[in-house]
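Understanding the architecture of this molecule
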Amino acid sequence: MLVYHGSNVEVDKPRIITPNRTLDYGRGFYTTVNLQQAESFANNVVNRNDGRGKPTVSYYEIDYEKIKREFIVLEFSNPDDAWLDFVYANRAGKYIGKQYDVVTGPVANDSVYRVLRLFENGDIDRETAIKRLKTTKLFNQLTFCTEQAIKELRFVKSEVVKVEQER
């Protein structure tokens, strides 16, 4: 199975770094099976870094069945109550639950961030948040959260992608 990582540089040796902001699934190396999503992430990274680097997608091969057999994997199939709680706790920097090697599930994109923000602020309740999330087209992400799990990524190649204009 191919997975992709968007950045402002080629990432031939994936590693877990401490981000400068809280993320959906906590600390880890984020990938997706959707090439367009990775291209968008790559452009976002360049924009966040004041234009430094070039939007680059790195490709990796993984054996997901082996990963599911040999590692502790948390899978979310859709944005439900458990997903909302997990993402909310991670983005708030308050997750203290079980540690996983790999977490996979929906990406909280810009429209999802808006719903999460409304939920965080108490402007909408849980039921309304879940209903809104289920009507949003979400791509998936696979986050490699441990050094052992990250070793399962086999670098294939990287490509510089088309630069998107900032919105």
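Residues numbered from 1 in each chain as written. Predicted model: local features only at pLDDT ≥ 70, side-chain atom pairs only at ≥ 80, totals over all residues. Heavy atoms only, no water.

This part covers the pattern of salt bridges. All told, the structure shown has 8 salt bridges when counted by the stated rule. Of the charged contacts, one joins Glu 120 and Arg 117 as a salt bridge, the two residues approaching to 2.4 Å between their closest N and O atoms. Here Glu 120 and its partner Arg 117 are both found in helix H4 (residues 110-120), 3 residues apart, which amounts to about one turn of the helix. (Salt bridge = Lys/Arg side-chain N within 4 Å of Asp/Glu carboxyl O. Helix = DSSP H or I, 4+ residues; strand = E, 2+ residues; numbered from the N terminus.)

Next up on the list: the sheet that holds strand S2 (residues 29-31). Read from one edge to the other, the open sheet built from 4 strands follows the order S2-S6-S5-S4, with strand pairing classed as mixed. Of all the strands in the sheet, the pair left with one neighbour each is S2 and strand S4 (73-75). Neighbour-to-neighbour, the strand axes of this sheet turn through a mean angle of 15°, independent of strand direction. As judged from the 5 bridges shared by strand S5 (residues 102-106) and strand S6 (residues 140-144), these two strands associate in the antiparallel manner. Counterpart to Thr 104 in the pairing with S6 is Leu 142. (Pairing = 2+ DSSP bridges. Axes fitted to C-alpha atoms, helices over the stretch in contact; angles between N-to-C directions.)

This paragraph deals with the sheet that holds strand S7 (residues 154-160). Two strands in a sheet stick together by hydrogen bonds in their backbones, pointing the same way (parallel) or opposite ways (antiparallel). Ordered in space as S1-S3-S7, the 3 strands form an open sheet in which the pairing is antiparallel. Either end of the sheet is taken by a strand with one partner, and the two such strands are strand S1 (2-7) and S7. Strand-to-strand twist in this sheet, taken as the mean axis angle between neighbours without regard to direction, amounts to 25°. Where strand S3 (residues 56-61) meets S7, 6 bridges bridge the pair, whose relative direction is antiparallel. The partner of Thr 56 across the bridge, within S7, is Val 160.

What follows deals with the pairing of S5. Of all 5 residues in S5, 5 are buried, a share of seventy percent or more. With 3 bridges connecting them, S4 and S5 associate as parallel partners. In the sheet register, Leu 74 faces S5, and the bridge partner there is Val 103. In this region the chain leaves S4, passes through helix H3 (residues 81-91) and returns to the parallel neighbour S5; the handedness of that crossover is right-handed. (Buried < 20%, exposed > 50% of the residue type's maximum accessible area, 1.4 Å probe, protein only. Right-handed = clockwise from strand over helix to strand, strands pointing away.)

On to the nonpolar core, then. If you look at the biggest cluster of nonpolar residues, it comprises 20 residues, and the most contacted ones within it are Tyr 25, Phe 76, Trp 83, Leu 84, Phe 86 and Val 103. Among the elements of the structure, H3, H4 and helix H5 (126-134) are those that each provide at least two residues to this core. Those residues in contact with Phe 86 that sit more than four places away from it in its chain are Asp 24, Tyr 25, Leu 74, Phe 76, Tyr 95, Tyr 100 and Val 103. Counting 15 residues, the second largest nonpolar core, distinct from the first, contains Val 3, Val 11, Ile 16 and Leu 153. (Core = buried A, V, L, I, M, F, W, Y, C linked by side-chain atoms within 4.5 Å. Contact = heavy atoms within 4.5 Å.)

Our next topic: the side chain of Ser 58. Mapped onto the elements, Ser 58 comes out in strand S3. There is a polar contact of 2.9 Å between the side chain of Ser 58 and the backbone nitrogen of Val 11. Non-local contacts of Ser 58, meaning those with residues more than four positions away in its chain, are made with Val 3, Tyr 4, His 5, Val 9, Glu 10, Val 11, Phe 155, Lys 157 and Ser 158. (Polar contact = N/O pair within 3.5 Å; in protein donor to acceptor, adjacent residues only side chain to side chain.)

Let us look at the packing of H3 against H5. At a minimum axis distance of 10 Å, the contact between H3 and H5 shows a crossing angle of 100°. Compared by their axis directions, H3 and H5 come out roughly perpendicular. Along the contact surface, H3 presents Asp 81, Trp 83, Leu 84 and Asp 85, while H5 presents Arg 126, Ala 129, Ile 130 and Leu 133. Tallied by class, residues from the contact of H3 with H5 come to 5 nonpolar, no polar and 3 charged. (Parallel < 35°, antiparallel > 145°, perpendicular 65-115°, else oblique. Nonpolar A, V, L, I, M, F, W, Y, C, P; charged D, E, K, R; others polar.)

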